[in-house]
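Working through the structure, step by step
This is what each chain is made of:
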Amino acid sequence: MANHAAAQHKGIPWKHVVGFVLSIVLTLFAIWFALETDLSTNIKLLVIFGLAIIQAALQLLMFMHLTENSRTQGFSGRIQIGNILFGFFVAIVIVVGSVWVLSSGHAEKKPTNGEHEMKMDSGSMNHD
Amino acid sequence: MAQSKVRDLNTPMEYQSETGRLNILGFWLFLGAEIALFSTLFATYMVLMDRTADGPALGELFEVKGLLIQTFLLLTSSFTCGLAIHEMRRYNVKGLFFWMITTILLGLGFLGFEIYEFFVYIHEGANIGTSAAWSAFFVLVGTHGLHVTLGIGWIILILIQVAKRGLTPQTTAKVFISSLYWHFLDVVWIFLFTAVYLMGMVMQHG
Amino acid sequence: MKWDEFFVTGDPLIYGADVSIAITMLGIVFFLTYFKKWKWLWTEWLTTVDHKKIGIMYIISAILMLFRGGVDALLMRTQLAVPEMEFLDSQKYNEIFTTHGTIMIIFMAMPFLIGLINVVVPLQIGARDVAYPYLNAVSFWTFFIGAMLFNISFVIGGSPSAGWTSYMPLASNELSPGPGQNYYLLGLQISGIGTLLTGINFMVTIFKMRAPGMTLFRMPMFTWSALVTMAIIIFAFPILTVALALMTFDRLFGSHFFTLQGEGMDMLWANLFWLWGHPEVYIVILPAFGIFSEIIATFSKKTLFGYKAMVWSMVLIAAYSFLVWVHHFFTMGSGALVNSFFSVTTMLIGVPTGVKIFNWLFTMRKGQIEFSTPMLWSLGFIVNFVIGGVTGVMLAMAAANYQYHNTYFLVAHFHYVLIAGTVFACFAGLVYWYPKMFGHKLNERIGKWVFWLFTIGFNICFFPQYFLGLDGMPRRIYTYSEESGWGPLNMISTVGGFMMGIAFLVLVYNIYYSFRYEPREKTGDAWNGRTLEWSTPSAMPPFYNFAKIPVVKGLDHFWNEKQNKEIKPLTTQDLQKIHMPNNSGVPFVMASFFFVSGFGLVFEWYWMAIIGLIGVLATLVIRSFDYNNGYYVSVEEIKETENITK
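All right, on to the overall build of chain C then. When you go through chain C residue by residue, the secondary structure sums to 20 helices and two strands. Relative to the 2.2 N^0.38 estimate, which gives 26 Å for 646 residues, the radius of gyration of chain C is 25 Å and therefore close to what a compact globule would have. Considering only C-alpha atoms, chain C reaches an extent of 75 × 60 × 50 Å along its principal axes. The proportion of buried residues among the 646 residues of chain C is 63%. Of the contacts made within chain C by residues no fewer than 6 positions apart, 83% connect residues no fewer than 24 positions apart. Accessible surface, chain C as shown: approximately 24,000 Å² in total, 69% of it carbon and sulfur. Averaging the locations of the 39 positively and 37 negatively charged side chains of chain C gives two centres separated by 15 Å.

Next up, the structure:
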């Protein structure tokens, strides 16, 4: 009875194999790029974070079947994609936002550089 | 809540019951929450990573070799976990068990390396109370490690259930959800690998 | 630890609390035993997975917490009524404003709204229960246990006193020693689990359990507001979870996230707290908007004006709400660019809110307005909320904010939005859906007294505070001098505060009065409503909600059916057996283990914390192995319940 369903999943799971090989290659490339090249730090960071995002997308699409569950009932696949995209937005806001907010203005230097005024007047923080 | 009686054979078993479909969607939403959780930990780490006080700098203690082994263990476990689901969809219980147990073993190997790594750092004078940067490191990486630990325990519980009940719409949905969790931990590790280890070493060595 | 450190001693207020807690407990035990209600309590309530009962338990807990937070408020107003008052000392005052803020936001506003969502949303979308009834019980019990853990700090160990925002380094071990701050961390952490689960549960429920024909754009506005709120909860609450955990690590395990030593960064706490805290503001205001939308449409007898604009403005608010958090600490000293950016986003978020105000006004235009109590609350909301909103835009200007911040101007502003928005909505929703929950209305005459007393008291209490703020009175001071000249306005404010207290008592009396004397509803449609929750034949829906799931043909489906006289009584042919979930005692037990664990961590008794956590894990494992899929309600039983003879 299961033949029909099984037919779709026979043999070598190419999707997984390709995903796996790509993830290994991307990892090795990121390490090589970060540690063995002489480019500026900013470019390195940009590239390795770009690679990380590509690799995360690979996992989501090739391994986790993110877009599945849409044909069976309603629009679950779309909800899942929307949810992950909104999660991506929130993640960017939290990480980039926090770093930006806490590293500009008076907050930009750490206290060891003799700039002790970085510790803001805590009395002025009682804001709601 | 009604169980659908007619099985659509084109649909993987985990999607065949209403409960299964609801649970899979709900778990995706939970993963959204996990994204926010880890993002907050990453933000904390990024803000604090230069604040090493009197302790060692983060990049000073990182090693490429251990990092590579850990990364390959986890990447491979994610792959084998995917194969397990592939076998499950072919109704091959043996294959499912073989690949899932491989996944667990790889996960245990990963955990072993992580614990060893933590011991090395503590030995070299970096623990959770050393500086803000090390607090952030241990809690971020440790939270991921805790997730892996819970994941292993959870997959074992589900495998016991599959052994007892075989493949049903309910057990397959559980296996599928646990696989989503496992892949997600790999996604988090990719960012740990990049934002913590690679960035730490780039900052250290320029 | 000695027993006199364990129990809080040496203060008549505390002894009063001890005695009243003991008497209440004894009273409850006596009542349950005398009327042989223990079994009833366990089978009907503690183990229930019925969304309506869970909702009612949420609302009862929220009203209790409103009482606790309200008493805190009145103690503060008493202390501030005249200059140099000697009623509370500074430490007690700090504790009281801390518990007031925390309880009102986390344990009153949110549970009240979540309670209403629990009761109403499944009915509005024509569902028999939520997607995960068991998880819903876990949500409630973790919230409840978190609230209880937070509240016992008053008599055991001492209350937190670092403000509801708990800024570091004030909340650190050095400046806030003892278990008080730990209660804050653990109480919020445990109840936060419940909130997150509610978010997932209702999001899946609304997406997946709607009656056939109810497309997303045919959903009632309250359901929409719940959906958007749940999306915010899912992404905002984990931020709080992490922030609380990090501070717990700082206090218990010597890490240096927010400390002054080890190059920790105190402002990181403020940053994370408000990254959650601002979305939280919208978590408590969007459902309020939903409630007012339902009420205004019902009592204007018109379809909501600008339905799609309403929906899209809420969706926009959900995304925007993550982009404004820095306006809570403009004075931290971030760069001009940072402050300008967040100033602009803050003003922008006012736009969709303004759109909604106009939509409500246009809904009423040319409608046949019926001035029922829920409608009065809604009208009061529009007027007072606008005052709060306008002063909010004043605060949004970063440069001007340096003048207003940390004064009573700010206190007045956020009470105008939170009380006129959220609290008015809670009262409005309670009155509006009361017949759905208890089968009879709240008395309208007394209800109107409550409205006028509360609204007038509210304005007398908080309007003067704008001027106190402009006069330079800082918030969170426990007393002030005669020469400051703040005395008269403070006295007026205190009078208003007590009027609100009286209004609350009248509300509670109304619940008793209406239970005794209000006529029982004979149909399910107490207010000539428009949405599906009013379509059940009996006033209080049976546990399975709908004997036959309705098929929806448009917005305001029930109203249209009534207008077109399409409603037919059910016959046996309509019925099928209904699948329902089983009750379970596990959520209650799990929450109890959370309590054990939390209490252990508060006092740093790690053995106890570990026992609690093992208990929690054990309940999770038990649940995982539980393959009980519920049961079927037979057609015979449905016929009997629904009085169907044909």
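Additional details are given in the paragraphs that follow.
The next point concerns a negative patch on the surface. All names here are of chain C. A surface patch of like charges, here negative, comprises Glu84, Glu86, Glu482 and Glu483. Position of Glu483 among the secondary structure elements: in the loop between helix H15 (444-470) and helix H16 (487-517). Glu483 gets classed as exposed once you look at its relative accessible area, which sits at 69%.

Our focus in this paragraph is the pattern of salt bridges. Residues and elements named next belong to chain C. Taken as a whole and assessed by the stated rule, the structure comprises 11 salt bridges over all chains. Among the ionic pairs, Glu44 bridges to Lys53, the shortest N-O distance being 2.8 Å. One salt bridge connects Arg623 with Asp626, and the closest N-O pair in it is separated by 3.7 Å.

Residue and element names in this part refer to chain C. The end-to-end C-alpha separation of helix H8 (residues 221-253) is 46 Å, in line with the 48 Å expected for 33 residues at 1.5 Å each. Maximal helix bending in H8 amounts to about 30°, located at Ile234; proline Pro238 follows within four positions. In terms of burial, H8 is a largely internal element, 29 of the 33 residues being buried. At the C-terminal side of H8, Gly254 shows a positive phi close to 70°.

The next subject is the side chain of Thr391 of chain C. Residue and element names in this part refer to chain C. Locating Thr391 in the fold gives a position in helix H12 (residues 373-396). A polar contact is formed between the side chain of Thr391 and the side chain of His413, at a distance of 3.4 Å. Residues contacting Thr391, with those up to four places away along its chain left out, are Phe409, His413 and Tyr466.

With that out of the way, let us pick up a nonpolar patch on the surface. A cluster of nonpolar side chains, Ile12, Trp14, Val18 and Leu22 of chain A, forms an exposed patch at the surface whose accessible area comes to about 400 Å². Note on placement: Val18 of chain A falls in helix H2 (residues 14-36).

Keep in mind that low pLDDT regions are not for reading the predicted coordinates in detail. Here chain B averages 90 in pLDDT, and 95% of its residues register 70 or above. In the model, residues 1-7 of chain B has pLDDT below 50 throughout and makes 14 contacts with residues more than four positions away in sequence or in other chains.

Reading the values: rules and limits
- Residues numbered from 1 in each chain as written.
- Chains lettered and ligands numbered in written order.
- Predicted model: local features only at pLDDT ≥ 70, side-chain atom pairs only at ≥ 80, totals over all residues.
- Heavy atoms only, no water.
- Helix = DSSP H or I, 4+ residues; strand = E, 2+ residues; numbered from the N terminus.
- Rg over C-alpha atoms; globule rule 2.2 N^0.38 Å.
- Buried < 20%, exposed > 50% of the residue type's maximum accessible area, 1.4 Å probe, protein only.
- Contact = heavy atoms within 4.5 Å.
- Areas by Shrake-Rupley, 256 points an atom, 1.4 Å probe, with all protein chains shown as cover.
- Lys, Arg positive; Asp, Glu negative; His and termini not counted.
- Charge placed at Lys NZ, Arg CZ, Asp CG, Glu CD.
- Patch = residues over 30% accessible without salt bridge, like charges linked within 9 Å, V, L, I, M, F, W, Y side chains within 5 Å.
- Salt bridge = Lys/Arg side-chain N within 4 Å of Asp/Glu carboxyl O.
- Expected span 1.5 Å × (residues − 1).
- Bend = angle between axes of the 7 residues up to and from the residue.
- Polar contact = N/O pair within 3.5 Å; in protein donor to acceptor, adjacent residues only side chain to side chain.
- pLDDT = per-residue confidence, 0-100.

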